[in-house]
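As a plain string of letters, each chain reads:
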Amino acid sequence: MNLKDLYIEFFESKGHKQIPSAPVVPENDASVLFNTAGMQPLIPYLMGQKHPYGTRLCDYQKCIRTNDLDSIGDTYHHTFFEMLGNWSLGDYFKEDAIKWSFEFITEKLNIPLEKFAVTVFGGNDLIPEDTEAINLWKSLGIKEERIAKTVEDNFWIAGETGPCGPDTEMFYWRSNDPVPDKFDPEDSRWVEIWNNVFMQFNKKVDGTIEELPNKNVDTGMGVERVTSILEGVNDNYMSSIWKDIIEKIEEFSPYTYQEKPESMRIIADHIRTATFIIADPAGIRPSNTDQGYILRRLIRRMIRHAKKLNINIDLPFEQILATMIILKYVKYYPELNTNKDVILEVLHNEKVKFNRTLEKGLKEFEKVTKNSNEIDGVTAFHLFDTYGFPIELTTELADELNIKVDVDGFNKKFKEHQELSRTASAGKFKGGLAGDSEIETRYHTATHLLNAALKKVIGPDVHQMGSNITEERMRFDFSCDHKLTDEEKSEAEAIVNNWIKEGLNVRCDEYSKEDAIKSGAECMFIEKYPDKVTVYSIGNDEVVSKELCGGPHVKNTSELGEFHIIKEEASSAGVRRIKAVLK
Ligand code: SER
């Protein structure tokens, strides 16, 4: 049985509900470009919000990590990967989590105990050593010398702040060398296969730690790594996940995998990630900012390596590889099929575009290196920014001419560029707006009214989970465990139209974040806001809506026109989506 199916079936037998994989581009959190861990979409629930599927959840989640793009090419790094996870939201804790992990590892995956070891949290000034976990592992038959204690590596947090806690990690001896009796987590022949995090704390912006309302469990198991372990291969790209893709690349190239493993792994990895990014409901396309920028780099780097392998890039090799990926994963991610045509088209178009700028870029490269024996950072960045030259391409070409490249200078410029992009996305998040034309401003105010109306119709547990505005329509995602009835929709619509008719004033006040929350203002993720915030209140005598928001908004609701809900549909687990227009 496939590892994903085996995992889900096992945790369902332990009372867990399977939740669908969330999109790979987070819908409600502009602080990260992609979901980097299975727990990321669950942060609000780990922080205490009620999950519509209950308190025991399991899933496989699409994740993307691009911080170590340069490591791709070795045997075990991937930009896209799948993470299996099971969660307890204030339900079971250490005992069941460890017991079930052990049962799954030994009875379902049949991993022999002599190749198994664990790490546990060793304790620091704030949190004591996890003796409970140590004793649980011992009671299951794990010998003392196979239990290592560490501090930094056994405390898990997704970023700088948020839900976190001590963890216990499980390791497998992935080597043909004899297994040592004593476990040394620093020995790279021991590879981590599963992480159980006991999430009971929240790390705040000021660095302090507070108890969460619930004691949660968050576990994560990497599909790629465990698959290759189960199949007995030491190179992930030789497991059934990749083997046919690598063989197809070999067919296109005069080289074999043994001769050019790095370029082949880069192509295999990048085409899979690009396919999933394009298929995501966020509709990401190659561009020069945010996720689109990553997508562009991945495709271009893949093309460059195809050229290195002497692949005839006029052939639709990228489309053939993407089709193989789609077929391989469609059972688990139906969006691949829905967006099949667009995936193939985007990959092809970006290839053609890069090929065009590549020629121009090579000319520019010749020009800038004609009378110089060094490429400064600004020029390297110009080649990157204007001609789409990844820094590796510039340094490789320069190497051939014995010319130096100021890579540090390039990185500095690149960092500045990234910061600009980040500021752009933070700005977008603050206001939920991509632009602020007059019509978009009207839609923005309408989202506040709809949010307040839904609370009246469905209940106070409705919270905004995301929004997106264009000149044509508004989209509003909110937490709700059921499809809205026709009555609920018309009631919400009528309430909003009534507020518009009443001509309510829209007021903007500045508060400290704390005071804003005390005043009862609605907000999405409080940690994401700066210390000073603006609060928009709508109402004349009675305030009907009060939200933390960066604006802009209309002055009076009478400016909005008529409000119509045109669609109500599911967005993701426990999240509904309304599309509406103003006429
Ligand atoms: N959050 C933990 C991890 O990513 C467990 O899911 O490893």
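The text that follows walks through the structure, step by step, so that each part is easy to find.

Rules of the game
Residues numbered from 1 in each chain as written. Predicted model: local features only at pLDDT ≥ 70, side-chain atom pairs only at ≥ 80, totals over all residues. Heavy atoms only, no water. Helix = DSSP H or I, 4+ residues; strand = E, 2+ residues; numbered from the N terminus. Buried < 20%, exposed > 50% of the residue type's maximum accessible area, 1.4 Å probe, protein only. Contact = heavy atoms within 4.5 Å. Arc of directions from axis to C-beta. Expected span 1.5 Å × (residues − 1). Axes fitted to C-alpha atoms, helices over the stretch in contact; angles between N-to-C directions. Parallel < 35°, antiparallel > 145°, perpendicular 65-115°, else oblique. Left-handed = near helix turned anticlockwise from the far one by under 90°. Nonpolar A, V, L, I, M, F, W, Y, C, P; charged D, E, K, R; others polar. Salt bridge = Lys/Arg side-chain N within 4 Å of Asp/Glu carboxyl O.

## Section: the side chain of Asn202
In step 1: With respect to the helices, strands and loops of the structure, Asn202 is situated in strand S8 (residues 190-203).
In step 2: Judged by its relative accessible area of 6%, Asn202 falls in the buried class.
In step 3: Aside from chain neighbours lying at most four places away, what touches Asn202 is Met47, Gly162, Pro163, Cys164, Thr208, Ile209, Glu210 and Leu212.

## Here we look at helix H6 (residues 243-252)
In step 1: Within H6 the residues assigned to the buried category are Ile245, Ile246, Ile249 and Phe252. For H6, the angular spread of the buried residues around the axis is 115°, confining them to a single face.
In step 2: Of the surrounding secondary structure, the elements contacted by the buried residues of H6 are helix H7 (261-279) and helix H9 (317-329).

## Some thoughts on unusual backbone geometry
In step 1: For Asn110, which is not glycine, the phi dihedral falls at a positive 55°.
In step 2: Among the secondary structure elements, Asn110 is positioned in the loop between helix H3 (94-108) and strand S4 (116-121).
In step 3: Residue classification places Asn110 among the exposed positions, given a relative accessible area of 56%.
In step 4: For Asn402, which is not glycine, the phi dihedral falls at a positive 60°.
In step 5: Mapped onto the elements of the fold, Asn402 is located in the loop between helix H13 (391-400) and strand S11 (404-405).
In step 6: On the basis of relative accessibility, which here comes to 72%, the residue Asn402 falls in the exposed class.

## Considerations on helix H8 (residues 290-308)
In step 1: For H8, which comprises 19 residues, the first-to-last C-alpha distance of 27 Å matches the rise-based estimate of 27 Å (1.5 Å per residue) to within 8%.
In step 2: In terms of residue burial, H8 counts as a mostly covered element, since 17 of its 19 residues are buried.
In step 3: Just beyond H8, the residue with positive phi is Asn310, at close to 60°.

## Some points on the packing of helix H11 (residues 340-370) against helix H12 (residues 377-387)
In step 1: The contact between H11 and H12 brings their axes to 9 Å, and the two run at 160°. One way to sum up the angle between H11 and H12 is to call them roughly antiparallel. The two elements H11 and H12 cross, and the hand of that crossing is right-handed. From H11, Phe354, Thr357, Lys360, Gly361, Glu364, Phe365 and Val368 reach across to H12, where they touch Thr379, His382, Leu383, Thr386 and Tyr387.
In step 2: Within the contact of H11 with H12, the residues separate by chemical class into five nonpolar, five polar and two charged.

## A short note on the pattern of salt bridges
When the charged atoms of two side chains lie near each other, side chains of opposite charge can form a pair.
In step 1: Applying the stated criterion to the full structure yields 31 salt bridges.
In step 2: Ionic pairing is found between Asp235 and Arg265, a salt bridge with its closest N-O pair at 3.2 Å. Residue Asp235 is found in the loop between helix H5 (223-230) and H6, and its partner Arg265 is found in helix H7; the two are separated by 30 residues along the sequence.
In step 3: The exposure class of Arg265 is buried, given its relative accessible area of 9%.
In step 4: Between Arg576 and Glu568 there is a salt bridge whose closest N-O contact spans 2.7 Å.
In step 5: Put simply, Lys62, Asp280 and Glu335 are held in one network by salt bridges that share partners.

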